[in-house]
Amino acid sequence: REALLRCDLQVNTTLKALVMASPAQQPAAFVKRPAQHGAADFVSWTWEMVNAGHEHIGWSPDGTTIVVTNPERLASHVLPTYFRRSQYSSWVRVLNAYGFKKVGTGAWSHPCFVRGRPDLLKEISRKATGRSGRASSS
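Residues numbered from 1 in each chain as written. Predicted model: local features only at pLDDT ≥ 70, side-chain atom pairs only at ≥ 80, totals over all residues. Heavy atoms only, no water.

What to know about the overall build of the chain
Argument step 1. Within the chain one finds four helices and four strands.
Argument step 2. Each helix (α) and strand (β) of the chain, taken in turn from the N terminus, gives the series α-α-β-β-α-α-β-β.
Argument step 3. Within the chain, counting contacts between residues at least 6 apart in sequence, those at least 24 apart form 52% of the total. (Helix = DSSP H or I, 4+ residues; strand = E, 2+ residues; numbered from the N terminus. Contact = heavy atoms within 4.5 Å.)

In structure tokens, the structure reads:
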């Protein structure tokens, strides 16, 4: 009886290890990669993500706009591969901080973020927060 229990425990442990090792069961993990094209990390990684051919994010037909077709799937399947934070709203907040403008539902544009023009990426910089210049209320 004890031998059967040990054997059953060993089989269960092996099965559990196989399931946990299965790539389909593991979420994509963020791996810090170097920024490219002289751009800020966020801009470079967003460029990579948009050009990677994911079904939930891509270019508009004219190549001037980022188009997100499914924010929930983007957040759960794509963003974790490129960014530490996988919340869609956090990614959108940083887009805004870099001067991207919302031009429609799930669509953002920046004059220096254009398909086929990675040379323009270095021109995109984060906007100043403006907090240090506020007048104090006394």
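Some details on the pattern of salt bridges
Argument step 1. Taken as a whole and judged by the stated rule, the model has one salt bridge.
Argument step 2. One salt bridge in this structure joins Asp119 and Arg117, with 2.7 Å as the shortest N-O distance. (Salt bridge = Lys/Arg side-chain N within 4 Å of Asp/Glu carboxyl O.)

Comments concerning the sheet that holds strand E2 (residues 65–68)
Argument step 1. Within the open sheet, the four strands sit side by side as E1-E2-E4-E3. Their pairing is antiparallel. Taken across any chain shown, the strands that pair with only one partner, and hence form the sheet edges, are strand E1 (57–59) and strand E3 (101–104). In this sheet, adjacent strand axes meet at a mean angle of 30° when their direction is disregarded.
Argument step 2. Taken together, the three bridges between E2 and strand E4 (residues 107–109) define a ladder with antiparallel strand orientation. Note that in E4 the partner of Thr65 across the bridge is Ser109.
Argument step 3. Running over the sheet, helix H2 (residues 41–51) touches E1 and E2 and is turned about 90° from E1. (Pairing = 2+ DSSP bridges. Axes fitted to C-alpha atoms, helices over the stretch in contact; angles between N-to-C directions.)

Points about the environment of Val68
Argument step 1. Within the secondary structure layout, Val68 lies in strand E2.
Argument step 2. Accessibility expressed as a relative area gives 7% for Val68, which makes it buried.
Argument step 3. Expressed as a C-alpha distance, the spacing of Val68 and Gly58, which sit 10 residues apart in the sequence, is 6.7 Å.
Argument step 4. Apart from residues no more than four positions distant in its own chain, Val68 is found in contact with His56, Ile57, Leu74, Tyr88, Trp91, Gly106 and Trp108. (Buried < 20%, exposed > 50% of the residue type's maximum accessible area, 1.4 Å probe, protein only.)

Considerations on the confidence of the model for the chain
Caution applies to low-pLDDT regions: their predicted coordinates should not be interpreted in detail.
Argument step 1. Counting all residues, the mean pLDDT for the chain is 80, and 67% of those residues have values of 70 or more.
Argument step 2. Scored below 50 in pLDDT, residues 11–27 makes three contacts in the model with residues more than four places away or belonging to other chains.
Argument step 3. pLDDT under 50 marks residues 133–138. Its contacts with residues more than four places away, or in other chains, come to zero contacts. (pLDDT = per-residue confidence, 0-100.)

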